[in-house]
Amino acid sequence: MQIPVIIVNFKTYKEATGESAVKLAKACEAAAANAKGRAKIVVAVQAADIFRVASAIDTKLVDVFAQHIDANGQGKSTGFVTAEAVKEAGASGTLLNHAEHKITDIAKRIATAKAAGLATVVCAANVAEAKTIASLTPSPDYIAVEPPELIGGKVSVSKAKPEVVSDSVAAVKSANKSIKVLCGAGVNSREDVEKALELGTEGILVASSVVLAKDTEKALAELISGI
Ligand code: G3P
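Residues numbered from 1 in each chain as written. Predicted model: local features only at pLDDT ≥ 70, side-chain atom pairs only at ≥ 80, totals over all residues. Heavy atoms only, no water.

1. Looking at the overall build of the protein chain
- In terms of helices and strands, the protein chain carries 10 helices and 8 strands.
- Taking 227 residues into account, the globule formula puts the C-alpha radius of gyration at 17 Å, and the protein chain, at 16 Å, falls close to it.
- In terms of overall dimensions, the protein chain has C-alpha extents of about 50 × 40 × 30 Å along its principal axes.
- Looking at the protein chain alone, contacts between residues at least 24 apart form 67% of all its contacts between residues at least 6 apart.
- Surface accessibility of the protein chain: about 9900 Å² in total, with carbon and sulfur atoms responsible for 53%.
- Of note, the protein chain has its 26 positive side-chain charges centred 1 Å away from the centre of its 25 negative side-chain charges. (Helix = DSSP H or I, 4+ residues; strand = E, 2+ residues; numbered from the N terminus. Rg over C-alpha atoms; globule rule 2.2 N^0.38 Å. Contact = heavy atoms within 4.5 Å. Areas by Shrake-Rupley, 256 points an atom, 1.4 Å probe, with all protein chains shown as cover. Lys, Arg positive; Asp, Glu negative; His and termini not counted. Charge placed at Lys NZ, Arg CZ, Asp CG, Glu CD.)

2. Brief notes about unusual backbone geometry
- Cis peptide bonds are those with omega within 30 degrees of zero, and the linkage from threonine 137 to proline 138 qualifies with -5°.
- If you trace the backbone, proline 138 turns up in the loop between α5 (127-134) and β6 (142-145).
- With phi around 45°, lysine 11 is a residue other than glycine that occupies positive phi space.
- Looking at the element boundaries, lysine 11 is found in the loop between β1 (5-9) and α1 (19-35).
- For lysine 11, a relative accessible area of 12% corresponds to the buried category.
- A positive phi angle is found at asparagine 97, which is not glycine, with a value near 65°.
- By secondary structure assignment, the location of asparagine 97 is in the loop between β4 (93-96) and α4 (106-115).
- For asparagine 97, a relative accessible area of 1% translates into the label buried. (Buried < 20%, exposed > 50% of the residue type's maximum accessible area, 1.4 Å probe, protein only.)

3. Details of the pairing of strand β2 (residues 40-45)
- Buried residues dominate β2, accounting for 5 of its 6 residues.
- Pairing between β1 and β2: 5 bridges, direction parallel. Of the residues in β2, the one forming a bridge with valine 8 is valine 43.
- Note that the unit made of β1, α1 and β2 has a crossover that is right-handed.
- Relative to strand β3 (residues 62-66), β2 runs parallel, the two sharing 5 bridges. Looking at β3, one finds that alanine 44 is bridged to phenylalanine 65.
- Taken together, β2, helix α2 (residues 50-56) and β3 constitute a β-α-β crossover, and its handedness is right-handed. (Pairing = 2+ DSSP bridges. Right-handed = clockwise from strand over helix to strand, strands pointing away.)

4. Some words on the nonpolar core
- Among the nonpolar cores identified, the biggest contains 64 residues, and Val8, Phe10 and Leu220 are the most heavily contacted of them.
- At 8 residues, α1 tops the list of elements feeding residues into this core.
- In contact with leucine 220, other than residues within four places in its own chain, are Ile6, Val8, Cys28, Ala31, Ile41 and Val210.
- Membership of the second largest hydrophobic core comes to 12 residues, among which are Phe65, Leu95, Cys123 and Leu182. (Core = buried A, V, L, I, M, F, W, Y, C linked by side-chain atoms within 4.5 Å.)

5. Notes on the packing of α1 against helix α10 (residues 216-224)
- At a closest axis distance of 9 Å, the pairing of α1 and α10 adopts a crossing angle of 40°. Considered as vectors, α1 and α10 are oriented oblique to each other. Crossing angle aside, the handedness with which α1 passes α10 is right-handed. From α1, Leu24, Ala27, Cys28, Ala30, Ala31, Asn34 and Ala35 reach across to α10, where they touch Thr216, Glu217, Leu220 and Ile224.
- Residues of the contact of α1 with α10, tallied by class, amount to 8 nonpolar, 2 polar and 1 charged. (Axes fitted to C-alpha atoms, helices over the stretch in contact; angles between N-to-C directions. Parallel < 35°, antiparallel > 145°, perpendicular 65-115°, else oblique. Left-handed = near helix turned anticlockwise from the far one by under 90°. Nonpolar A, V, L, I, M, F, W, Y, C, P; charged D, E, K, R; others polar.)

6. A short note on α4
- Listed as buried for α4 are Ile106, Arg109, Ile110, Thr112 and Ala113. End-on view of α4: buried residues confined to an arc of 160°, all on one side of the axis. Turned more than 90 degrees away from the buried face of α4 sit Lys108 and Ala115, all of them exposed.
- Where α4 is buried, its residues contact α3 (83-89), β4, β5 (119-124) and α5.
- In the stretch just after α4, glycine 117 is the one whose phi turns positive, near 85°. (Arc of directions from axis to C-beta.)

Printed below as a string of structure tokens:
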């Protein structure tokens, strides 16, 4: 198994915007350095902050991902977020189809991201959606299952709905063994991460318990301790 991944989604939280995004990313960098290779840390930041964050941290230690890209190519597409632009700004991957930013042309976006050299993490709300995404061509690198009703809460998906996690792992792997499965929503403790890995995932996607923590480094260290 590869090193488990922890993706910290900055969303559009005030605490994770602009200079605060840099501060948060630096705390993630410090936690990644202390993890000594036990976990791969990724920060998924707003498009406007990609360059600022990627320029301020060691991107060999912490990967910077976009939270979303559009399928539009470069040229006549005012206001869209192109894969090429986020790559050029310093992103090495992108989230797609997050519960808070659903899309319908997932395969097209994966193809667009891949063509620009971006890794892809496609979110799924449930087992059925995870299964559908797993059989797309081209396939994503990761599928992250996140039941929307648990997002932003205090109870983790791995505790509240373990069957959704394990059934998603089974469904994805039966469609395409090379896709890695993550889970997210409500993840906030060492036990939540331990349980997620026990259920067959290769990492987690997290936001509020890290972004809104008083001590980011401590909150992330707690999650890393579950690996
Ligand atoms: O993308 C991660 C996310 O939706 C989970 O959010 O706040 O429940 O960790 P949260």
